[in-house]
Amino acid sequence: MHRCLWLTFVMRRGLVWLAAALVASPLLVSPGVAAAATATPSLVIASDFPDPDVVRFGSTYYAYSTNNGNGNVPVATASSLTGPWTRRPDALPTLGAWANGGLTWAPDVSQRADGRYLLYYTARSRATGRQCIGAALATSPLGPFTAVGTQPLICNAGEGGDIDAASFTDSTGLRYLLYKDDGNAIGQPTSLWLQQVAADGVTLQGARVELLRSGRPEEAGIIEAPVLTKVGAQYVLFYSLGGYGGDGYQTSYATSTSLTGPYTKAYRSLMTTASLDSAVRGPGGADVVREASGDHIVFHGWINNYSARGMYVAALGWAGGYPVVRGSRVRYEAERGGLNHCSVRSAPGASQGQAVAYIDYADSWVEVTVFAPRSGGYRAHVAYAAGYGDAEHTLTVNGGSPQVVRYPNTGWDVWRQAGVDVTLNAGFNTLRFTHRSRWAELDFVEVA
């Protein structure tokens with residue numbers, strides 16, 4: 001659009017363009033171009049199996065979950081992450097003497113250097129009435145595990161108790177225990193803690209270190225379910241946030257170049273009900289499975305009209321050391337992309353207050369680099385505003401065959417999204433949006 005026309009439309013936005021159609025945008029695909037839709041997370045256990053911990057021993061995958069009225073520590077096995085999964089007998093038939101039954105949460109199983117299997121579990125302390133962390137040992141990942149000692153391993157009643165234990169072994173060979181204090185149980189903020197342990201996993205060494213504390217509005221005072229992994233030189237701490245009882249529960253992460261922090265929380269959560277387009281509701285309690293053949297994230301989500309939390313699996317990739325989940329939207333701001341014969345303007349209603357404007361000429365284009373955990377079909381959601389009739393851009397992926405994206409008229413500064421199916425390579429890909437007809441501005445692109 002010529003600048004003189006642009007100024008005219010700016011003055012008329014409030015009078016004319018807010019009445020524009022607010023419909024979803026169709027996609028026009030050039031002949032011979034076809035892209036598969038994105039792969040959503042797979043529901044692999046379609047019954048109650050919350051807070052899954054998944055680990056591979058030998059050629060078999062083992063999954064453990066919060067108890068659901070059927071024993072203390074439910075366990076299932078499969079030859080593949082996607083199943084089929086077979087339920088096995090209770091892995092921990094008898095709790096430690098310190099614990100009451102019925103509230104056995106978020107188990108974690110790992111193998112020690114001596115070959116024995118170590119189980120961390122959360123249960124209700126008889127002495128304090130709070131949830132505390134215990135340990136048990138077995139010679140098989142199926143158990144039966146036998147409780148270690150007569151007292152819990154971690155139990156601080158003054159901080160509301162302690163839950164959600166997870167094991168981590170650093171590249172140096174040192175072993176650690178992560179957990180959450182249950183501050184929200186007594187109306188206090190919650191923190192995630194790191195505690196060094198001896199090679200036996202049950203002898204505490206030194207003082208614990210606070211890694212992260214709740215504080216953001218969306219956390220509602222709750223961060224929990226810590227899982228730690230290392231990608232290159234960076235530590236990535238996954239955690240859940242918010243109340244687990246509905247769609248608001250979600251999974252995020254924080255990063256640090258040091259094991260003990262400080263950790264920086266991600267700008268946006270990794271998985272939410274919205275980012276997964278409601279394919280999973282309340283995604284949380286996540287675990288990470290790292291393998292040479294490709295990494296995955298395993299987590300629970302509400303099923304059966306919110307009566308149970310099933311177990312889901314999704315492909316996981318690393319964009320420069322930061323996690324990306326296939327099927328969960330990742331946002332890329334258009335103004336941070338490559339621009340040719342167009343420019344960035346302030347746009348108060350746009351994401352982060354900016355958008356790319358003046359994509360008005362035959363040589364005007366915006367390039368956005370996006371990341372795909374696996375090769376295949378993805379959905380790109382293009383946030384745009386078009387204020388002078390329907391507009392079009394030509395889209396190419398990695399310089400390939402063009403597609404035509406149509407943006408129905410919305411009115412200036414009225415931002416809507418056009419959905420586009422694209423085929424991406426594993427790793428980084430370049431999406432170029434080139435002017436084709438009339439005028440549209442770009443805010444961001446989300447890829448799932």
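Keep in mind that this is a model prediction, so the values were computed, not measured.

Focus on the pairing of strand S28 (residues 376-385)
Buried residues dominate S28, accounting for eight of its 10 residues. Direction of pairing for S28 relative to strand S31 (residues 416-424): antiparallel, over a ladder of nine bridges. Paired with histidine 381 across the strands is glycine 419, a residue of S31. The pairing of S28 with strand S33 (residues 441-447) spans six bridges and is classified as antiparallel. Of the residues in S33, the one forming a bridge with alanine 383 is phenylalanine 444.

Re the domain arrangement of the chain
With domains assigned, the chain is organised as domain 1 (42-325) and domain 2 (331-447). If you look at the interface, domain 1 gives 14 residues, while domain 2 gives nine residues. Both sides of the domain 1 and domain 2 interface together cover about 720 Å² of buried area, and 58% of this is carbon and sulfur. Taken together, the connections running from domain 1 to domain 2 amount to one salt bridge. Sorting the residues of the side of domain 1 that touches domain 2 by element identifies strand S20 (295-303), strand S21 (308-319) and strand S22 (322-325) as the ones contributing at least two each. When grouped by side-chain class, the residues that make up the side of domain 1 that touches domain 2 number seven nonpolar, four polar and three charged.

Considering the side chain of glutamate 333
Structurally, glutamate 333 can be placed in strand S23 (residues 330-333). A polar contact is formed between the side chain of glutamate 333 and the side chain of serine 351, at a distance of 2.5 Å. Other than its neighbours up to four places away in sequence, glutamate 333 contacts Arg268, Ser351, Gln352, Asp443 and Phe444.

Thoughts on the nonpolar core
Nonpolar side chains in soluble globular proteins tend to end up buried together. In terms of nonpolar packing, the biggest core is built from 32 residues, with Tyr407, Leu424, Leu431 and Leu442 touching the most fellow members. Breaking this core down by element, the ones donating at least two residues are strand S27 (365-372), S28, strand S29 (391-397), strand S30 (403-407), S31, strand S32 (427-437) and S33. Here this core gets five residues from one element, more than from any other, and that element is S27. Within the second largest apolar cluster, 21 residues are counted, among which are Val227, Tyr253, Val280 and Val288.

Focus: the sheet that holds strand S9 (residues 131-138)
Strand order in the open sheet formed by four strands is S7-S8-S9-S10, and the pairing between neighbours is antiparallel. Two strands bound the open sheet, and with one partner strand each, they are strand S7 (99-111) and strand S10 (146-147). Relative to S10, S9 runs antiparallel, the two being bridged by two bridges. From the neighbouring strand, alanine 136 faces S10, where its bridge partner is alanine 147.

About the cut-offs
Residues numbered from 1 in each chain as written. Predicted model: local features only at pLDDT ≥ 70, side-chain atom pairs only at ≥ 80, totals over all residues. Heavy atoms only, no water. Buried < 20%, exposed > 50% of the residue type's maximum accessible area, 1.4 Å probe, protein only. Helix = DSSP H or I, 4+ residues; strand = E, 2+ residues; numbered from the N terminus. Pairing = 2+ DSSP bridges. Domains from an automatic or database assignment. Contact = heavy atoms within 4.5 Å. Buried area = accessible area lost by both parts, 1.4 Å probe. Salt bridge = Lys/Arg side-chain N within 4 Å of Asp/Glu carboxyl O. Nonpolar A, V, L, I, M, F, W, Y, C, P; charged D, E, K, R; others polar. Polar contact = N/O pair within 3.5 Å; in protein donor to acceptor, adjacent residues only side chain to side chain. Core = buried A, V, L, I, M, F, W, Y, C linked by side-chain atoms within 4.5 Å.

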